[in-house]
Amino acid sequence: MSLKYSSLLLALALLAGGCAHHSANAPLQTTDARGGYRFQNATAQTNADDLLLLLAFSGGGTRAAALAYGALEELRKTEVGQPDGRHPLLNDVNLISAVSGGSFTAACYALWGDRIFTDFEPYFLKKKVQTGLFLRTLEPWNQIRMASPKFGRSDLAAEYYDHLLFKGATFADLASRAGRPFLSINATDLGSGARFEFTQDEFDLLHSDLASFPISRAVAASSAFPVLLSPVVLKNYSAGQSQPEPEWVQEIMRDPASSSRLRYVAAKAASYADGRRRFIHLLDGGLSDDLGLRGILDRAIAREQSSHMPGVPWQMPRRVALVVVDAHTDKDYGWDAQDRPLLGRKALLGSIGQAVVSRYSFETIELFREAMARLSRERTGPEGSSSPPVNTYVIELHFNELPDPAERRFFNAVPTSLELAPDTVDRLRRLAARELADNPEYGRLVADLRNQPGKPGLPTRPSLAAAQVATPAAKP
């Protein structure tokens, strides 16, 4: 190869590396609480006799995605309502909050609806996603792009996820999907350590427009495991700007009765006006909330304290049901079998992470139970009050606590990766469906929804089939 030709290739490589850049989030032209992808815009006002059904999908790679998918399959199979109005319980889901591996399932269902049941397995669950992503990093063109300081492995991953699943879809496409549950994809703000939620309410704090933001980049941020993947970077247009804090932030801060949890959320929101925070770096959502439940908990606490924090339901329904699909595993690292420290960084970090996640997840669920119990007591009011209590159904699927030792060993041996054997995916799907169907709290919810008297005139959500006819989409 001639020196001239080599010099030309080097120049082209440097030019390509210099031009490589992740897609930037767009600035917000005007703030309008009535527009944008917000929970209060996507969900009709809740009737006092209605149901608020929430799903929380944890992290855990394809293991978590498959378990969440199995839960959706069972919800689709479960019929509720009066005999003349029976419909799948899946149609009643109001919100899905997810992190990391669970965000793939949540985003695909919120975007494509029932098509997930034909497309998700071949296009993701049973595809060698991890191998495909690795091979992309070896391509010369992509190696040149990743040499740029403004284009990382997560940017490449977002492109790959878009190719596999999302086909250029943005949050504007989600906003147009009538009858679908609201999607809350959660990442971790590396600068503050707090949860970051991909909603327009959160993007308002950055003075940025979520509508044109690719869903694939949100999923890539939520699943950007540290070291293996790079942070997803957002531009913060609010940094250093002289604009008032959102009213809900001011309200929480000046109210002496505000809980420390809400003050923490408000302080985190206010931090985006700091002139030093010109760029927000997002990593795996499991670092701040492995269950995808903290946002739901924050809203429950805000509703309890009558806060106007965004995303809080206008009215409390008569029934609130939460299904938590927890893909966390318990691996035995052997600490308790010997009297000397175990060697190996992997064992040490894995054991510490496992203990922290288990404790944190348990306390999050218990805090949600307590908040809902307090809300129910307040709604009931004094003796003789006509307001019925809020019936709460907390349905936990903790697969590391399976009674069958063989199944427990199998599940705890499934790695956290984006590539599993097809028969492992099928076992995980069936496991989730069976555990949900056999859950006593789930059985109580289904029985109550089948036995409740008909309420003519209540607002209902459009069926998924009708929504799909109204908003056809190209097949992946």
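Basis of the calculations
- Residue positions are given per chain, counted from 1 along the sequence in the order it is written.
- Reporting in this predicted model follows two pLDDT cut-offs: at least 70 for local features of residues, and 80 or more for side-chain atom pairs to be given and counted; totals over whole chains, interfaces and linings ignore these cut-offs and use all residues.
- Water and hydrogen atoms play no part in the side-chain values, which are based on all heavy atoms of the structure.
- Remark: nonpolar core denotes a set of buried residues (Ala, Val, Leu, Ile, Met, Phe, Trp, Tyr, Cys) joined through side-chain atoms within 4.5 Å.
- For each residue, the accessible area found with a 1.4 Å probe, counting protein chains only, is set against the maximum for its type, and the residue is called buried under 20%, exposed over 50%, and partly exposed in between.
- Only DSSP runs of H or I reaching four residues or more are called helices, and only runs of E reaching two or more are called strands; each is numbered from the N terminus.
- In what follows, a contact means two residues having at least one pair of non-hydrogen atoms within 4.5 Å.
- Think of pLDDT as the predictor's per-residue confidence, scored from 0 to 100.
- Taken from the helix axis, the directions to the C-beta atoms give the arc we talk about.
- Pairing between two strands is assigned when DSSP locates at least 2 bridges connecting them.
- Residues are called lining when one of their atoms sits within 4 Å of a cavity or pocket point, these points coming from a 1 Å grid over the protein atoms alone, where a cavity is a set in which a 1.4 Å probe fits but cannot get out and a pocket is an open set with protein on both sides within 12 Å along at least five of seven lines.
- Grid points are joined across faces, edges and corners, and a volume is the space filled by probe spheres set on the points.
- For this classification, the nonpolar set comprises Ala, Val, Leu, Ile, Met, Phe, Trp, Tyr, Cys and Pro, the charged set comprises Asp, Glu, Lys and Arg, and every other residue, Gly included, is treated as polar.
- Lines fitted to C-alpha atoms define the axes, with helix axes restricted to the stretch in contact, and inter-axis angles between N-to-C directions lie between 0 and 180 degrees.
- When an angle is under 35 degrees it counts as roughly parallel; over 145 it counts as roughly antiparallel; between 65 and 115 it counts as roughly perpendicular; any other value is oblique.
- For any pair of crossing helices, the crossing counts as left-handed if the nearer helix is rotated counterclockwise from the farther one by less than a right angle, and right-handed if it is rotated clockwise.
- Think of it this way: a Phe, Tyr or Trp ring, Trp meaning its six-membered ring, pairs with another when their centres are within 6.5 Å, and the plane angle makes it stacked under 30 degrees, edge-to-face over 60, tilted otherwise.
- Charge-over-ring contacts are defined here by two conditions on Lys NZ or Arg CZ: a distance within 6 Å of the ring centre and an angle within 35 degrees of the ring normal.
- The salt bridge definition used is simple: a Lys or Arg side-chain nitrogen within 4 Å of an Asp or Glu carboxyl oxygen.

Peer 1: Can you help me understand the nonpolar core in this one?
Peer 2: The tendency in soluble globular proteins is for nonpolar side chains to be buried side by side. Judged by nonpolar contacts, the single largest core of 124 residues is most densely connected at L89, F120, Y161 and F198. Residue contributions to this core peak at nine residues, all from helix α3 (residues 61–77). Apart from the residues within four sequence positions on either side, L89 is in contact with L51, L53, L75, T78, V80, Y442, L445, V446 and L449.

Peer 1: It is not clear to me how the confidence of the model for the chain should be interpreted in this structure. Could you clarify?
Peer 2: The predicted structure's coordinates, where accompanied by low pLDDT, should not be read in detail. In the predicted model, the chain carries a mean pLDDT of 83, and the fraction of residues at 70 or more is 80%. Confidence over residues 348–356 falls short of pLDDT 50; this stretch has nine contacts with residues more than four positions distant or in other chains. Scored below 50 in pLDDT, residues 455–475 shows 35 contacts in the model against residues more than four places distant or in partner chains.

Peer 1: What exactly am I supposed to notice about helix α13 (residues 260–270) here?
Peer 2: Structurally, the α-helix is built with 3.6 residues per turn, so residues lying three or four positions apart point the same way. Residues L262, V265, A266, K268 and A269 constitute the buried set of α13. Taken around the axis of α13, the buried residues stretch over an arc of 160°, which confines them to a single face. Here the buried face of α13 lies against β7 (195–197), α10 (200–205), α12 (247–254) and α14 (294–304).

Peer 1: Sorry if this is basic, but what is going on with the pairing of strand β5 (residues 93–99) here?
Peer 2: Where a strand is regular, its side chains alternate between the two sheet faces. Within β5, seven of the seven residues are buried, which leaves it mostly tucked inside the rest of the structure. As defined by bridge partners, strand β2 (residues 51–57) adjoins β5 across five bridges and the pair is classed as parallel. Pairing of L55 across the sheet is with I96, part of β5. With five bridges joining them, β5 and strand β6 (residues 182–189) adopt parallel strand pairing. Bridging across to β6, V99 finds its partner in N186.

Peer 1: How do you make sense of empty space enclosed by the protein when you look at a structure like this?
Peer 2: Sizing a probe to match a water molecule and rolling it over the atoms shows the empty space that remains. For the structure on display, the rule yields three cavities of 30 Å³ or more. By volume, the largest cavity amounts to about 150 Å³. Forming the walls of the largest cavity are 15 residues, and the residues nearest its centre are L52, L54, I296, R299 and P313. Elements represented by at least two residues in the lining of the largest cavity include exactly β2, α14 and α15 (345–380). Considering every element that reaches the lining of the largest cavity, the biggest residue donor is α14, with four residues. Residues of the lining of the largest cavity, tallied by class, amount to twelve nonpolar, one polar and two charged.

Peer 1: Help me understand the environment of G59, please; the structure alone is not making it clear to me.
Peer 2: Note that G59 resides in the loop between β2 and α3. Between the C-alpha atom of G59 and that of G292, which follows or precedes it by 233 residues, the distance is 8.1 Å. Leave out the neighbours within four places in its chain, and G59 touches A64, V99, S100, G101, G102, D290 and A327.

Peer 1: Any chance you could explain the packing of helix α4 (residues 101–112) against helix α11 (residues 215–222) here in plain terms?
Peer 2: Packed helices, taken two at a time, are described by the angle their axes make and the gap between the axes. Across the interface, α4 lies against α11 with an axial gap of 10 Å and an inter-helix angle of 160°. In terms of orientation, α4 and α11 fall into the roughly antiparallel class. In this structure, α4 crosses over α11, and the sense of that crossing is right-handed. Contact residues: α4 offers S103, F104, A107 and L111, while α11 offers I215, V219 and S222. Considering only residue class, the contact of α4 with α11 consists of five nonpolar, two polar and no charged.

Peer 1: Just to check I follow, could you spell out the packing of aromatic side chains for this structure?
Peer 2: Aromatic ring pairs are described here by two measures, namely the spacing of the ring centres and the angle between the planes. Tallying each qualifying case throughout the model produces 16 aromatic pairs. Look at Y69 and F117: their rings are 5.9 Å apart centre to centre, the planes differ by 35°, and that puts the pair in the tilted class. Placement of the pair is Y69 in helix α3 and F117 in helix α5 (residues 116–125), with a sequence separation of 48 residues. The two residues Y69 and F117 agree in class, both being buried. Cluster of aromatic residues (ring-pair linked, three or more members): Y37, F39, F171, F182, F196, F198, F203, F213 and Y272. The ring of F410 carries the charged tip of R427 above its face, separated from the ring centre by 3.7 Å.

Peer 1: Please explain the pairing of strand β11 (residues 319–326) as it appears in this structure.
Peer 2: Of all eight residues that make up β11, eight are buried, and the element is covered over most of its length. Here β2 pairs with β11 via seven bridges, running parallel. By the bridge assignment, L51 is partnered in β11 with R319. Where β11 and strand β12 (residues 391–398) come together, eight bridges link them in parallel fashion. Bridge assignment links R319 to a residue of β12, and that residue is N391.

Peer 1: Help me out: how do you make sense of the pattern of salt bridges in this one?
Peer 2: Any two side chains of opposite charge can pair, on the condition that their charged atoms come close. For the coordinates displayed, the defined rule picks out 24 salt bridges. Between R369 and E366 there is a salt bridge whose closest N-O contact spans 3.3 Å. Taken together, the residues span about one helical turn, with R369 and E366 both in helix α15 at a distance of three residues. For R369, a relative accessible area of 32% translates into the label partly exposed.

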